[in-house]
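# Structural features, examined
Next come the chains, spelled out residue by residue.
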Number of protein chains: 4
Amino acid sequence: MTDDLLERTRKFVDTEVLPETAWLDARPDVPTPLTSRWHEAGLSNWWLPERYGGPGASLSTSVDVVSELSYGDAGFAFGSFLSILGTTLLHLYGDHDLADGYLTRMAGGGGCCAILISEQEAGSELHRTATTITADGDALVLDGEKYFSTNTDAADFLIVAGRAADDPSGYSLVLVPRDAPGVEVTKRWDMIGLRGSGTYAATLRGVRVPAVNRLSGNGLRDLEAGLNASRILIAATAIGTARRVRDVCMAYAATKKVKGALLVDNDVFAAKLGQMEAQIDVMRNQCLAAAAQFDGLMAAPNASGALYRAGALRSALAAKMHCGQAGWQVATTGSEMFGGLGFTHEHVIGKLVRDLRYVGLVEGGDDVVRDLLFGRYVLPAAKRL
Amino acid sequence: MTDDLLERTRKFVDTEVLPETAWLDARPDVPTPLTSRWHEAGLSNWWLPERYGGPGASLSTSVDVVSELSYGDAGFAFGSFLSILGTTLLHLYGDHDLADGYLTRMAGGGGCCAILISEQEAGSELHRTATTITADGDALVLDGEKYFSTNTDAADFLIVAGRAADDPSGYSLVLVPRDAPGVEVTKRWDMIGLRGSGTYAATLRGVRVPAVNRLSGNGLRDLEAGLNASRILIAATAIGTARRVRDVCMAYAATKKVKGALLVDNDVFAAKLGQMEAQIDVMRNQCLAAAAQFDGLMAAPNASGALYRAGALRSALAAKMHCGQAGWQVATTGSEMFGGLGFTHEHVIGKLVRDLRYVGLVEGGDDVVRDLLFGRYVLPAAKRL
Amino acid sequence: MTDDLLERTRKFVDTEVLPETAWLDARPDVPTPLTSRWHEAGLSNWWLPERYGGPGASLSTSVDVVSELSYGDAGFAFGSFLSILGTTLLHLYGDHDLADGYLTRMAGGGGCCAILISEQEAGSELHRTATTITADGDALVLDGEKYFSTNTDAADFLIVAGRAADDPSGYSLVLVPRDAPGVEVTKRWDMIGLRGSGTYAATLRGVRVPAVNRLSGNGLRDLEAGLNASRILIAATAIGTARRVRDVCMAYAATKKVKGALLVDNDVFAAKLGQMEAQIDVMRNQCLAAAAQFDGLMAAPNASGALYRAGALRSALAAKMHCGQAGWQVATTGSEMFGGLGFTHEHVIGKLVRDLRYVGLVEGGDDVVRDLLFGRYVLPAAKRL
Amino acid sequence: MTDDLLERTRKFVDTEVLPETAWLDARPDVPTPLTSRWHEAGLSNWWLPERYGGPGASLSTSVDVVSELSYGDAGFAFGSFLSILGTTLLHLYGDHDLADGYLTRMAGGGGCCAILISEQEAGSELHRTATTITADGDALVLDGEKYFSTNTDAADFLIVAGRAADDPSGYSLVLVPRDAPGVEVTKRWDMIGLRGSGTYAATLRGVRVPAVNRLSGNGLRDLEAGLNASRILIAATAIGTARRVRDVCMAYAATKKVKGALLVDNDVFAAKLGQMEAQIDVMRNQCLAAAAQFDGLMAAPNASGALYRAGALRSALAAKMHCGQAGWQVATTGSEMFGGLGFTHEHVIGKLVRDLRYVGLVEGGDDVVRDLLFGRYVLPAAKRL
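As a convention, each chain's residues are numbered from 1 in the sequence order in which they are written. A letter from A marks each chain and a number from 1 marks each ligand, given out in the order of writing. Restriction of local features to residues with pLDDT of at least 70 applies here, the model being predicted, together with a cutoff of 80 or more for giving and counting side-chain atom pairs; totals for whole chains, interfaces and linings are based on all residues. Values reported for side chains reflect all heavy atoms of the structure, with hydrogen atoms and water molecules removed beforehand.

## Examining the relation of the copies chain B and chain A
Each copy is superposed on the other by least squares, with the fit set by C-alpha atoms of residues at a pLDDT of at least 70 in both. For the pair chain B and chain A, the relating rotation is 180°, the translation along its axis is 0.0 Å, and the fit reaches an RMSD of 0.0 Å. Both chain copies can therefore be described as sitting about a two-fold axis. Residue Arg354 of chain B of chain B places its C-alpha closer to the rotation axis than any other residue of that unit, at 4.5 Å. Counting the interface residues of chain B, we find that 100% of their copies in chain A are interface residues as well, pointing to one common contact surface. Whether two residues are in contact is decided by their heavy atoms: any pair within 4.5 Å suffices.

## Here's the deal with the relation of the copies chain D and chain B
Rotating chain D by 180° and moving it 0.0 Å along the rotation axis overlays it on chain B with an RMSD of 0.0 Å. Here 100% of the contact residues of chain D are again contact residues in chain B; the copies associate through an equivalent surface.

## Quick notes on the UniProt feature "domain: Acyl-CoA dehydrogenase/oxidase C-terminal" (unreviewed entry) in chain A
Within this structure's numbering, the places UniProt gives as "domain: Acyl-CoA dehydrogenase/oxidase C-terminal" (unreviewed entry) are residues 217-373 of chain A. Secondary structure content for residues 217-373 of chain A is 73% helix and 3% strand, and the end C-alpha separation is 23 Å. UniProt positions are given in the numbering used here, feature names are shortened, and annotations may be inferred rather than shown by experiment. Secondary structure elements are taken from DSSP: a helix is a run of H or I of four residues or more, a strand is a run of E of two residues or more, and numbering for both begins at the N terminus.

## Thoughts on helix α11 (residues 314-335) of chain A
Between its first and last C-alpha, α11 of chain A extends 31 Å over 22 residues, near the 32 Å set by a 1.5 Å rise per residue. Exposed residues in this analysis have more than 50% of their type's maximum accessible area, buried residues have under 20%, and partly exposed residues fall in between, with area computed by a 1.4 Å probe over protein chains only. The element α11 of chain A is extensively covered by neighbouring structure, given that 19 of its 22 residues are classed as buried. Expected helix span is given by 1.5 Å per residue-to-residue step, counting one fewer step than there are residues.

## Here's the deal with the domain arrangement of chain A
It is common to give the size of an interface as the accessible area lost on bringing the parts into contact. Residue and element names in this part refer to chain A. Domain borders in the structure are assigned automatically or taken from a domain database. Considered domain by domain, chain A is made up of domain 1 (2-109), domain 2 (113-213) and domain 3 (219-383). Taking the mean C-alpha position of each, domain 2 and domain 3 sit 28 Å from one another. Contacts between the two partners involve twelve residues from domain 2 and, on the opposite side, eight residues from domain 3. In terms of surface lost to domain 3, no three residues of domain 2 exceed Tyr171, Leu173 and Leu194, which account for 48% of the buried area on that side. Within 3.5 Å is the distance limit for a polar contact, defined as a pair of N or O atoms, with the added protein rule that one can donate a hydrogen and the other accept it, and that residues adjacent in sequence qualify only through two side-chain atoms. Counting across the domain 2 and domain 3 interface gives three residue pairs in polar contact (both at pLDDT 80 or more). Here the element with the most residues in the side of domain 2 that touches domain 3 is strand β5 (residues 167-177); it accounts for three residues. Class assignment for the residues of the side of domain 2 that touches domain 3 results in seven nonpolar, four polar and one charged. A quick way to say it: buried area is the sum, across both parts, of accessible area lost when two parts are put together, with a 1.4 Å probe. Residues are grouped as follows: nonpolar covers Ala, Val, Leu, Ile, Met, Phe, Trp, Tyr, Cys and Pro; charged covers Asp, Glu, Lys and Arg; every other residue, Gly included, is treated as polar.

## Thoughts on the interface of chain B and chain A
Residue-level contacts link 43 residues of chain B with 43 residues of chain A. When chain B packs against chain A, close to 3,600 Å² is buried across both sides, 56% of that on carbon and sulfur atoms. Of all residues in chain B, the largest losses of buried area upon contact with chain A belong to Ile192, Phe343 and Leu361 of chain B, amounting jointly to 21% of the total for that side. Between Lys or Arg on one side and Asp or Glu on the other, a salt bridge is scored when a side-chain nitrogen of the former is within 4 Å of a carboxyl oxygen of the latter. Linking chain B with chain A are eight salt bridges. Here Lys187 of chain B makes a salt bridge to Glu346 of chain A, at a shortest N to O gap of 2.6 Å. The tally of links from chain B across to chain A stands at 20 residue pairs in polar contact (both at pLDDT 80 or more). Breaking the side of chain B that touches chain A down by element, the ones donating at least two residues are β3 (139-150), β8 (257-258), α9 (267-298), α11 (314-335), α12 (349-357) and α13 (366-378) of chain B. The leading source of residues in the side of chain B that touches chain A is α12 of chain B, at four residues.

## Points about the UniProt feature "domain: Acyl-CoA oxidase/dehydrogenase middle" (unreviewed entry) in chain A
With numbering aligned to this structure, UniProt lists the feature "domain: Acyl-CoA oxidase/dehydrogenase middle" (unreviewed entry) at residues 114-204 of chain A. Helix makes up 0% of residues 114-204 of chain A and strand 56%, with an end-to-end C-alpha separation of 14 Å.

## Topic: unusual backbone geometry
In this model, Val30 of chain A is joined to Pro31 of chain A through a cis peptide bond whose omega is -10°. Backbone geometry at Leu194 of chain B places phi at a positive 50°, although glycine is not the residue there. One can find Leu194 of chain B in the loop between β6 (183-188) and β7 (199-210). Even without a glycine there, the phi angle at Glu363 of chain B is positive, about 50°. By secondary structure assignment, the location of Glu363 of chain B is in the loop between α12 and α13.

## What about the packing of aromatic side chains?
Only rings of Phe, Tyr and Trp enter the pairing, Trp through its six-membered ring, and a pair is recorded when the two centres are within 6.5 Å. The plane angle decides the type: under 30 degrees is stacked, over 60 is edge-to-face, the rest tilted. Within this structure, the stated rule accounts for 62 aromatic pairs over all chains. With 6.0 Å between their ring centres and 65° between their planes, Tyr93 of chain A and Tyr308 of chain A make a pair best called edge-to-face. Taken as a pair, Tyr93 of chain A in helix α6 (residues 83-93) and Tyr308 of chain A in helix α10 (residues 303-310) lie far apart in primary sequence, 215 residues in all. Aromatic side chains Phe78 of chain D and Phe81 of chain D sit 5.7 Å apart centroid to centroid with 85° between the ring planes, which places their arrangement in the edge-to-face category. Pair noted here: Phe78 of chain D and Phe81 of chain D are both in helix α5 (residues 74-81), with a separation of three residues, about one helical turn. Residue classification places Phe78 of chain D among the buried residues on the basis of a relative accessible area of 6%. Clustering of aromatic rings is evident, with ring pairs tying together Phe12, Trp38, Trp46, Trp47 and Phe76 of chain A. Positioned above the aromatic ring of Tyr71 of chain A is the side chain of Arg244 of chain A, whose terminal nitrogen or guanidinium carbon lies 5.9 Å from the ring centre. Whether a charge sits over a ring depends on NZ of Lys or CZ of Arg being within 6 Å of the ring centre and within 35 degrees of the ring normal. The ring of Trp328 of chain D carries the charged tip of Arg357 of chain D above its face, separated from the ring centre by 4.0 Å.

Pasting the structure below:
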C-alpha cells in the first residue's frame with residue numbers, strides 16, 4: 001500500500017505545494033485546502049497502521065516523504081506529520097478501544113491530533129508541568145495552560161501532559177477530545193517560519209474525560225518513546241529544506257554571471273554545492289538509520305515495552321541535533337549567494353532560512369539534546385558507541 | 001562639537017528608537033518621523049565636515065555611533081549612515097562648488113543622498129555596468145536601470161555609476177539631483193531585514209546634468225575609496241546588533257528557569273555569553289582600527305589622492321567580512337536560546353537575525369571580499385601583513 | 001565465519017593494541033609483531049571473499065572492525081585495512097587465475113598489498129600520471145616514480161597506475177609482484193600520524209610483468225570503483241579515533257576537579273561530550289550507509305560492471321569528507337580539555353589529533369571530493385538527492 | 001631606542017631563526033645559542049623599562065615583535081617574551097630595590113625569569129594552590145610542587161605563587177632566586193609544540209627567602225594584572241604563526257599544479273587565502289587594541305593601582321581566545337593544502353599546527369576565559385561593551 005507513496009508525494013508537491021510556497025508563507029488560515037487535497041490523494045496520516053485503515057508506512061519511508069514535503073513547504077510538512085507523535089502514543093499506550101476509535105476515524109477522515117506539553121514557566125522541562133489531573137470517580141479533570149502546540153485548533157483529539165493533583169511525581173498523558181467543554185484555543189502564534197502550519201496556545205479549565213483516556217505508564221517515559229518518531233521527522237524537514245536551498249542555488253547559478261562566466265561554472269560555487277550535497281546525504285542517512293532503529297522497535301513482539309525501555313534513542317537525538325546544525329550551515333551558505341535579491345522577500349531563500357531554524361528549537365533544543373545524550377549515552381560507559 | 005555625540009546618540013536610542021523596534025520592523029513609510037527627530041536633535045549626518053556646517057565626527061567616532069544606533073534598530077542606523085558613501089565621494093572627488101552647495105544644504109536640512117551602483121545583470125561587478133553617460137555639449141545624459149539603492153526616494157541627490165557611451169572603459173560617477181527629469185523610483189523593495197530603511201529600484205531615462213557634476217577620477221577607483229567608509233559602518237551595524245542579542249539573552253536568562261535554577265546561573269549559558277562578549281570586543285576593535293586608518297588618510301594633506309591610491313583598504317574589507325561572519329555566529333547562538341518563543345514574532349530575536357544577515361551581503365559579499373583581499377593583499381608579497 | 005569477528009577484534013585491541021599506543025606512535029619497523037599476531041588470531045584481511053579462503057566479511061562489518069582497530073591505533077588500522085583497495089581491484093578487474101593465486105596466498109599468509117598511484121608532480125590527479133606502461137610482446141614494461149604508497153615494502157604485490165607509452169589516454173592498473181626486478185622502495189616517509197603504519201616512495205625502472213597482469217577496463221574508472229571501499233574505511237578510522245578521544249576525555253574528567261567539583265559533573269563538559277556522541281553516531285551511520293550501498297553493488301550479479309558504472313559513490317565521498325571534518329571537530333574539542341598536560345607527549349590526545357588529520361587528506365582531499373560531488377551529483381539534476 | 005626594533009627583529013628572524021625551524025622543532029637544549037645571539041643583537045627582553053637599562057618598548061610594539069619572532073619559531077618567541085609576566089609583576093608589585101637589582105641585571109645580561117603557578121591538582125585554578133608560604137622571622141619558607149613553568153631552569157629568578165601556611169586565603173607571589181637551596185627542576189616536559197622553548201616541572205622544599213621578596217597585594221589580583229601582558233603576547237604568537245602558514249601556502253601554490261593550472265591561480269585557493277588574510281588582520285588589530293589599553297594603564301600615574309583595579313582586561317582575554325580560535329582555523333585550512341606531503345615531517349605545516357595549539361591552552365583555556373568574560377564583563381550590565 002505504500003509502494004508508490006513516495007512517487008505520489010513527489011507529484012503532489014510538484015503540482016500542489018511548490019506553486020504555493022509564497023502563499024503558504026503568508027500564514028494562511030489552516031487547515032488550508034491543500035490539506036484536504038492531500039487527504040483526497042490518499043496521503044494524509046500515511047504512517048497510520050493498517051489495522052486502523054491507514055497506509056501503514058514505516059518511519060523509514062516517512063523520512064523521505066517528509067523530505068519531499070518540506071522541499072515544497074516545511075510548514076505544510078510539519079502540520080502533516082506532527083500528528084505522528086500523538087497517534088504513536090495512543091497506539092502504544094492508549095486503551096485498545098480508545099485507540100481503535102480515534103485512529104480509525106483519523107485514517108478515514110484525514111484529521112489530525114495535537115500534543116500539549118510545553119508551558120510558559122516549565123518550557124520544555126516536562127517534569128515541571130503545572131497542569132493538574134484530578135481523579136473524580138471514573139473521570140479525570142484537567143486544568144492547565146499550554147504554551148505551544150501545533151494543529152490544536154483543527155485536531156480531532158489532544159494528548160495532554162500533566163501531573164496528578166495529589167501526586168506531584170505522577171506524570172500522565174491524557175487524551176482529550178478537542179471539543180471537550182473547557183478546552184479553549186487562546187491564540188495562534190505568529191511564527192517566524194513554518195507559516196503554512198498553525199501553532200497555538202490553549203487553556204484547559206475543568207476539562208472532564210473518562211479515566212480510560214489516561215495513557216498507561218509514566219507520562220514522561222511515554223513521551224520519550226513517542227518523541228523518537230517526531231524528532232526524526234523534524235530532522236527530516238531539514239533534509240527537504242536543504243535540498244530546496246541547493247536547487248534554488250543551482251537555478252540562480254544557471255543564469256547569473258560572475259567574473260565573466262556563469263556562476264554554475266565557478267569553482268568556489270562548485271565547492272559550496274559539493275559540500276552541501278555531502279551534508280544532505282549525511283543528514284538523510286542519519287535520519288534513515290534512526291528511523292530503522294525505531295521501526296525495529298515498533299516491529300518487536302512487545303513494541304510498547306521495548307520503546308518504553310529504550311526511551312530517547314541516541315540515533316533520534318543525534319538526527320535532530322545534527323540536521324538542525326548541518327541544515328543551518330546549508331541555509332547560511334545558501335543565503336549568502338543571491339546578493340541583494342536574497343535579502344528581499346522576492347526570493348524564497350529567506351523563507352528557507354526561517355523555516356530551517358525550527359529544527360534546532362522544537363522538541364528539545366540543542367542544549368537539552370546534548371544533556372540527554374551525555375546523561376544517557378556517555379556517562380554510562382556501557383552505553384557508549 | 002562631537003564631544004557628547006555618543007552620549008546623545010545613546011539617549012536618543014533609549015528614548016526614541018528602542019520603544020519602536022517592532023514598528024520599525026513593520027516597514028513603515030520612510031523617512032519616518034524618527035528621522036526628523038534625529039535631525040532636530042542635531043545628530044543627522046554627524047560625519048559631515050565642519051566646513052559644510054556639519055558636526056565633523058571622525059569615522060572612529062562613527063563606529064560607536066552606528067553601534068549605538070543599530071542596538072536600537074539596524075534599519076534606522078543603515079538609513080542614517082549610508083549617505084556617508086555619497087558625501088565622502090562628493091567631498092573628495094566632486095567639484096568644489098558642487099560639494100559646497102549640496103553638503104551645506106544636507107548639513108543644514110538633515111537630508112540624505114543615495115548611491116546608485118548595482119544593476120540586475122551586473123550585480124556588484126561595477127565594471128559590467130550598462131548605465132551610459134553620454135556627453136552632449138556641456139551636459140551629460142544618463143540612461144540606465146539601477147537595482148538596489150538605499151534612501152533613493154528621499155535623497156537630495158544621487159551619485160550614479162556608469163560608463164561613457166563612447167568609451168566602455170570610461171567609468172564615472174555623476175551627481176544627479178533627485179528631482180532631475182527622467183529619474184524615476186520604480187519600486188521599494190520588500191526587504192527581509194533593515195525594514196526601518198528604504199531600498200529601491202530606479203530608472204534613469206535621458207537624465208541631463210551639467211558636465212561639472214561628473215566626479216573626477218576613474219569611477220571604479222573613486223568608489224573603492226569611498227566604500228571604505230560605508231563598509232566599515234556596515235560592519236559596525238553588526239556590533240550594535242550583536243550587543244542587542246547579548247542583552248536580550250541576558251534579560252531572558254534573568255527570569256527563565258532551567259534545571260531548577262535561573263538560566264543566568266547556568267554554566268553553559270555563561271560560556272555562550274562569554275564567547276559573545278569576546279566576539280563583540282573583537283568586532284569593535286577591528287572596526288575601530290579600520291576607521292583609524294581611514295581617518296588617517298582623510299587627514300592627509302592630499303586626502304583625495306591618498307585614498308584614491310589606497311583603494312579598498314585591507315582593514316575595511318576585513319572589518320566587513322569579519323563582522324558579518326562573527327555577527328552571524330552571535331545571532332545563531334542567540335536565536336537558539338529562547339525556545340519556541342524565539343521562533344515567534346513576539347520576540348525580537350528573529351528580527352535581529354534578519355537584520356544581521358545583510359552585513360555579509362551588501363557592498364561586496366564575502367566571495368567578492370575574499371577575492372579582493374587575495375588579489376590586493378596576498379598575491380603581492382610586499383602587501384601582506 | 002564473521003559472526004564473532006567484531007568481538008574478537010575488540011579483544012585483540014584491548015589486549016594487544018591499546019597497551020602499545022605509545023610504541024606504535026614511535027614509528028616502529030613495520031610490519032610489527034602485532035601484525036603477525038593479528039594474522040594468527042585469524043583476523044588479517046578479514047574482507048577477503050571466502051572463495052579465496054578469506055573470512056568474507058562485508059564492508060558494513062568492516063566499518064565497525066576498523067572503528068575498533070582505530071580506537072586502539074589508527075596507524076595499525078590503516079596498515080591492516082588498506083589492502084582492501086588492491087584486493088578489491090584484483091578481485092573485480094583482474095584475470096581470474098591471477099586473482100585466485102594472489103588472493104588465496106594473501107588469505108592464507110596474512111600478507112598485504114599496496115597501491116601505487118600518487119606521484120610528486122601529478123599529486124592525486126591520476127590522469128596526469130607520468131608512469132608509463134610499454135607493451136613488449138606478451139609483456140608490459142613499467143617505468144615511473146611513485147610518491148606515497150602504504151605497505152609497499154612488505155607487500156606481496158603492488159597495483160600500479162600508469163598510462164600506455166603510446167597512448168596518453170590509455171590508463172591502466174597493472175599488478176606487479178613486490179619482488180619484480182626494477183621495483184625499488186626508495187624511502188619510508190616520516191609521517192605526522194599513523195606512525196604504526198609504513199608509507200613509502202618507490203621507483204619502477206623497466207619492470208617487466210606478463211600482459212595478463214593488466215587489470216581490465218580503464219584504470220581511472222577501475223580506481224574510482226575500488227576507492228569506494230578504502231575511502232569508507234578511511235572514514236571509519238575517524239569513528240574509532242573520535243571514540244578514543246571521547247573516552248580519554250571521560251577518563252580525565254573522572255578525576256580532574258574544576259570549580260570545586262569533578263569535571264565529569266560540569267555542565268559545559270557534558271555539553272561538549274553530548275555533542276561528540278552525536279557526531280560519533282552520525283559518522284558511523286554515514287559509513288554504514290555507504291558500506292551497505294557498496295555491499296549491495298558487490299552482491300549484484302555483475303558486480304564488476306555495476307561498480308564500474310557507479311564510479312565514485314556519493315555516499316562514500318560524503319563519508320570520507322564528513323568524517324574528516326566531524327572527526328577534526330571532535331579532535332579539536334578534545335585537545336582543548338587537558339590543559340598543559342594535553343600539550344605534552346605524556347598524554348595521548350596529541351597523537352589522536354595527528355592521526356585524525358589524515359582522513360581529510362588521503363585518497364582525495366576535501367577540495368577534490370567537493371569537486372567530484374559537484375560534478376557527478378549536483379550538476380546533473382537527475383543525480384541529486 | 002625602539003625605533004628600529006621591529007626591523008632588527010625581522011632581520012634576525014630571516015637570518016637566524018627561519019633557517020633553524022627544523023632544528024628548533026627537534027627540542028634542542030635550551031637556552032640555545034640563538035638566545036645568546038638575540039641578546040648580542042641588543043634585542044633580548046625588549047620591553048624592560050629604560051630605568052633598568054632596557055629598551056623600553058611598549059606592549060603595542062611587542063605585539064609586532066612577537067608576531068615576527070613567531071613567524072620564525074613560536075617556541076623561540078615564547079621563550080623570549082614570557083619573562084614579561086615575571087618582570088611586569090616585579091616592576092609593579094615588587095620592592096623597589098629588589099626590582100632594581102634583578103631587572104637591571106636581566107636587562108644587562110639577557111637572562112630570563114619564570115613564573116611558577118600551575119600545579120598538578122589545582123591546574124590553572126590558582127586559588128586552589130597547595131604551595132605554602134610560611135613566615136619565619138624575617139624570612140619566608142616556601143614548599144610546593146609546580147607542574148608547568150617555562151624558562152625555569154635557565155631563569156635568574158622565579159616568581160612563585162602560594163598561600164600563607166596560616167591563612168588559606170592569603171595568596172602571595174614571592175620572588176625566589178633560581179639558585180636558592182631547595183629549588184629543584186625535576187623534569188623538562190616533552191611538549192607537542194613550541195619545542196624550541198623549555199617548560200619544566202619543579203619542586204620547592206624549604207626554600208628560604210627574605211620577607212621583602214613577597215610582592216605587595218593579593219597574589220591572585222597581582223597575577224591578573226600581570227597576565228594581561230603575557231596573554232596578549234601569547235595571542236600575538238598566533239598572528240606570526242598564521243602569517244607563516246599563509247606564506248608556506250603561497251610558496252607551495254606558486255609551484256603546484258591543480259586542474260591544469262598553478263594552484264595560485266585557483267579560485268578556491270584564493271578564497272581560502274583571502275579569508276586567512278582577513279583573519280590575520282583581525283587578530284593583529286585585537287592584539288594591538290588590547291596592548292594599547294595595557295600601555296595606557298602602565299602609563300597612568302599609579303600604574304600598579306590602576307592595573308590592580310582593572311584586573312583581567314576584556315580586550316586581553318578576548319585577544320587570547322580569539323587568536324587561539326582564529327589561528328586554529330587558519331592552521332586547519334593550511335594543513336589541508338599540501339596533500340600527503342603536509343602529513344609528513346618534511347613539510348613545516350605540521351609543526352605550525354602543533355605550535356598554534358598552545359594559544360588556546362596556556363594561561364587560561366577557552367573555558368576559563370569565557371567564564372572570566374561572563375563574570376566580569378557580561379553579568380555586571382554596566383561593564384558590558
